[in-house]
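Analysis of the macromolecular model
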Amino acid sequence: MSSKVIVTATGEFSDFQDATRRLKELSRETEMFDDGVGHSVQEYANYLAAMSYERRNKQNPYYNNFIVAGFEDGKAHLSSIDLHGTHIHKDYVTAGFAKYYGLALIANQWRPDLPLEDCKRIIHRCFTILYERDCHSVDEVQFALVTGAGIEVLPAEKVASDWDFKEFRERKNEKLWQ
């Protein structure tokens, strides 16, 4: 979109491609004026919410949960937009299965002054839970760091998982099978 905005999503990849294509068209149209004025992070999030709402009303929603992040005017912006066009602006958001399995973990440990490494540790814990819940998914997580200096997409990191549970090795009802 721009050097200040990053968009990611869970869900249907072709819907994500269509939404990002439309967002890039909006960005290109703005750049063609060549007046130095661009869209803010909030405007991109609002536009994406309006697109999602429009598609929902046409009975053909984007089957995605979008996350829009950016840094502008000295403030961070983070939004979540669902398939109904609901736009949530908070200090932390989740998408996909993380809404159900990771949101409580993040909410319990989040503080505004949390260092980056602690934030990454919390997210790693969330993705460990998600991976162990649905082991058909990819066991990697990739972070994007959004600051006043710009957006930095970090290399993917492996999610640690532990499959050495006692219950897998020893059956409680073993006498039933003899």
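What counts and what doesn't
Residue numbering note: each chain is counted from 1, following its sequence as written. Confidence filtering applies because this is a predicted model: local features only for residues at pLDDT of at least 70, side-chain atom pairs given and counted only at 80 or more, and all residues used for totals across whole chains, interfaces and linings. Side-chain descriptors were evaluated using all non-hydrogen atoms of the structure, hydrogens and water having been removed beforehand. Both site types are read off a 1 Å grid over the protein atoms alone. A 1.4 Å probe that fits but cannot get out defines a cavity, while an open set with protein on both sides within 12 Å along at least five of seven lines defines a pocket; lining residues have an atom within 4 Å of a point. Grid points are joined across faces, edges and corners, and a volume is the space filled by probe spheres set on the points. Every helix listed is a DSSP run of H or I at least four residues long, and every strand listed is a run of E at least two residues long, numbered separately from the N terminus. Charged residues are taken to be Asp, Glu, Lys and Arg, nonpolar residues to be Ala, Val, Leu, Ile, Met, Phe, Trp, Tyr, Cys and Pro, and polar residues to be all remaining types, Gly included. For every residue, the accessible area (1.4 Å probe, protein chains only) is compared with the maximum for its type, and the residue is labelled buried under 20%, exposed over 50%, or partly exposed between those bounds. Residues adjacent in sequence count toward polar contacts only when both atoms are side-chain atoms; beyond that, a polar contact is any pair of N or O atoms within 3.5 Å, and within protein one must be able to donate a hydrogen and the other to accept it. Expected span of a helix, by definition, is 1.5 Å for each gap between consecutive residues, and there is one gap fewer than residues. Any pair of residues with heavy atoms lying within 4.5 Å of one another is described as a contacting pair. The salt bridge definition used is simple: a Lys or Arg side-chain nitrogen within 4 Å of an Asp or Glu carboxyl oxygen. Pairs were defined over the aromatic rings of Phe, Tyr and Trp, the Trp ring being its six-membered one, requiring ring centres within 6.5 Å. Orientation was assigned from the angle between planes: stacked under 30 degrees, edge-to-face over 60, tilted for the rest.

Remarks on the layout of surface pockets
Each pocket or cavity is described by its volume, and for the second largest pocket that value is around 200 Å³. By residue number, the principal contributor to the lining of the second largest pocket is helix α1 (residues 13-32), which donates 3 residues. Of the residues belonging to the lining of the second largest pocket, the class tally is 3 nonpolar, 7 polar and 4 charged.

Remarks on the side chain of E72
Here E72 is to be found in strand β2 (residues 64-72). Take E72: its relative accessible area is 19%, and that puts it in the buried class. Within the local environment of E72, its side chain forms a polar contact with the side chain of K4, the two groups lying 2.8 Å apart.

A word on α1
Compared with the 28 Å implied by 1.5 Å per residue over 20 residues, the 28 Å span of α1 between its first and last C-alpha is a close match. Of the residues making up α1, those classed as buried are D15, F16, D18, A19, T20, R22, L23, L26, S27 and T30. Tucked into the core, α1 has its buried residues touching β1 (5-11), α2 (41-57) and β2. Just past α1, the residue D34 takes up positive phi, approximately 50 degrees.

Some details on the pattern of salt bridges
For the coordinates displayed, the defined rule picks out 10 salt bridges. Between E72 and K4 there is a salt bridge; the shortest N-O distance is 2.8 Å. Of this pair, E72 sits in strand β2 while K4 sits in the segment before β1; the two residues are 68 residues apart in sequence, bridging distant segments of the chain. With a closest N to O distance of 2.6 Å, R21 and E25 form a salt bridge. Of the two residues, R21 and E25 both sit in helix α1, 4 residues apart, roughly one turn of that helix. Using a relative accessible area of 30% as the deciding quantity, one classes E25 as partly exposed. Residues joined in a network through salt bridges with shared partners are D15, D18, R21, E25 and R55.

Observations concerning the packing of aromatic side chains
Enumeration according to the criterion identifies 5 aromatic pairs in this entry. With a centroid separation of 6.2 Å and an interplanar angle of 40 degrees, the aromatic rings of F13 and F16 are classed as tilted. Of the two residues, F13 and F16 are both situated in helix α1; the distance of 3 residues between them amounts to about one turn of the helix. For F13, a relative accessible area of 53% corresponds to the exposed category. One aromatic cluster in this structure is built from F13, F16, Y62 and F66.

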